[in-house]
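Summary of the model geometry
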Amino acid sequence: MAYEDTMNLDAPERQLLAIVGELEVRPLDWATGAVVRSTPNALVRRGELLLGTAKLSWDGAFDSLVRRGLLVRRSGSYSIADGARDLARRVRRELASQLFGDRLVRAAMSPTYREFCTRVFGPGLWAFSLIDHQQIAALVDALALSPDQRCLDVGCAVGSLSRHVAQATGAHVRGVDIAAGAIALAQERYGNDPLLSFQCVDANDLSTLGGQYHAIMAIDSLYFLDDLDETVAGLR
């Protein structure tokens, strides 16, 4: 199949292709730990968990993706066709960028969420990690950064924690996140701070960043990686 043909996927097809790819990467049931077969019902359940109200109806999408050679159907289960794996990976990451971006920005702009974070975690800490000021102090001590050093924040969301670390240490913090909307908000809020920079990057592709860092932090983000060992090995 020609690459151009894949650009005509409609929204339900893109969602379904992404969820099939997601289930291949993370095949375990989140509650039981059992391996989940990619049957239509299992795929719909995973889609509802990940997409929430954004999930569209996939009626017809199963058959159309099989006809187009993007999915393979065997014994009632679906898998990504060998020639469609790169496309499925790209679609999955594009969907993650959009969904996480929308959710993080919506939360960051919510007065209710900000008040919740203030009451639970402390003033000025409306981040998305379950971390309080005492834990941030422990993080800063562990990073052991000085003003002439650089730190990479993997999964920085809207940059709140990156900013805390930069202010506490004087080091330059580079925040990366797959969520395009969150990165745009971080750049809007902190783009004029010389100690901070932000970039929309998939954490699975950190080896492409280049540069050297004295410390790397990843708070509530490592479990999103497709292959933790491979990603960490690429950072050494």
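One can find the structure itself at the top, above this paragraph.
Not measured: the values here are computed from a predicted model. (Residues numbered from 1 in each chain as written. Predicted model: local features only at pLDDT ≥ 70, side-chain atom pairs only at ≥ 80, totals over all residues. Heavy atoms only, no water.)

**Points about the pattern of salt bridges**
Put simply, the rule reads: The salt bridge definition used is simple: a Lys or Arg side-chain nitrogen within 4 Å of an Asp or Glu carboxyl oxygen. Numbering goes from the N terminus for both helices and strands, where a helix is a DSSP run of H or I of at least four residues and a strand is a run of E of at least two. Three labels apply to residues, based on accessible area from a 1.4 Å probe with only protein chains included: buried if under 20% of the type maximum, exposed if over 50%, partly exposed otherwise in between.
Overall, the coordinates contain 15 salt bridges when judged by the stated rule. In this structure, arginine 89 and aspartate 86 form a salt bridge, with 2.9 Å as the shortest nitrogen-oxygen distance. Taken together, the residues arginine 89 and aspartate 86, both in helix H4 (residues 85–108) and three residues apart, mark about one turn of the helix. Residue aspartate 86 is classed as exposed on the basis of its relative accessible area of 59%. For aspartate 205, the salt bridge goes to arginine 93, with nearest N and O atoms at 3.1 Å. Of the two residues, aspartate 205 sits in the loop between strand S5 (196–200) and strand S6 (215–217) while arginine 93 sits in helix H4, which places them 112 residues apart along the sequence. You can call aspartate 205 partly exposed: its relative accessible area is 29%.

**Re the environment of serine 97**
To keep things clear, this is the line we draw: It only takes one pair of heavy atoms within 4.5 Å for two residues to be counted as in contact. Any N or O atom pair separated by 3.5 Å or less is treated as a polar contact, with the protein-specific requirement of one donor-capable and one acceptor-capable atom, and with residues adjacent in sequence counted only for side-chain atom pairs.
Among the structural elements, serine 97 can be located in helix H4. Residues serine 97 and isoleucine 136, 39 residues apart in the sequence, show an inter-C-alpha distance of 26 Å. Contacts of serine 97, omitting those with residues within four sequence positions, involve Ile178, Ala179, Ala180 and Cys200. A polar contact of 3.2 Å, which involves the side chain of serine 97, links it to the backbone nitrogen of alanine 180.

**Examining the packing of aromatic side chains**
The test is simple: Stacked, edge-to-face and tilted labels apply to pairs of Phe, Tyr and Trp rings (six-membered ring for Trp) whose centres lie within 6.5 Å, assigned for plane angles under 30 degrees, over 60, and everything in between, in that order.
Using the criterion set out here, one finds six aromatic pairs in the structure. For the pair tyrosine 113 and phenylalanine 116, a centre-to-centre distance of 6.1 Å together with 35° between the ring planes defines the contact as tilted. Taken as a pair, tyrosine 113 and phenylalanine 116 lie in helix H5 (residues 111–121) at a separation of three residues, close to a single helical turn. Relative accessible area serves as the criterion here: at 23%, tyrosine 113 is assigned to the partly exposed category.

**Some thoughts on the side chain of arginine 46**
Going by this rule: Think of it this way: Lys and Arg go in the positive column, Asp and Glu in the negative one, and His and the chain ends go nowhere.
Examined against the element boundaries, arginine 46 turns out to sit in helix H2 (residues 40–51). Despite its burial, arginine 46 remains without a salt bridge, the nearest opposite charge being carried by glutamate 22 at 4.8 Å.

**Let's talk about the sheet that holds strand S3 (residues 150–154)**
Where we set the bar: In this scheme, strands are said to pair when DSSP sees at least two bridges between them. Angles run from 0 to 180 degrees between N-to-C directions of axes, and those axes are lines fitted to C-alpha atoms, restricted for helices to the stretch in contact.
Strand order in the open sheet formed by four strands is S5-S4-S3-S6, and the pairing between neighbours is parallel. Each edge of the open sheet is held by one strand with a lone partner, namely S5 and S6. When strand polarity is set aside, the average angle formed by the axes of neighbouring strands in this sheet is 20°. Pairing analysis gives three bridges linking S3 to S6, with the strands arranged parallel. Its bridge partner being in S6, cysteine 151 is matched across the sheet by alanine 215. Sheet contacts for helix H8 (residues 180–190): strand S4 (172–177) and S5; angle to S5, the most-contacted strand, approximately 160°.

**Thoughts on the layout of surface pockets**
For clarity, the cut-off: Using a 1 Å grid laid over the protein atoms alone, points where a 1.4 Å probe fits but cannot get out form a cavity; open sets with protein on both sides within 12 Å along at least 5 of 7 lines form a pocket; any residue with an atom within 4 Å of a point counts as lining. Grid points are joined across faces, edges and corners, and a volume is the space filled by probe spheres set on the points.
A volume near 1,000 Å³ is recorded for the largest pocket. Along its surface, the largest pocket is lined by 39 residues, and Phe100, Ile178, Asp220, Tyr223 and Phe224 are the ones closest to its centre. Those elements giving two or more residues to the lining of the largest pocket turn out to be helix H1 (11–25), H2, H4, S3, helix H7 (160–169) and S4. The computed volume of the second largest pocket comes to approximately 200 Å³. Around the second largest pocket, the lining residues are Arg93, Asn204, Asp205, Leu206, Ser207, Thr208, Asp226, Asp227, Glu230, Thr231, Gly234 and Leu235. For the lining of the second largest pocket, the leading source of residues is helix H9 (residues 228–234), giving three residues.

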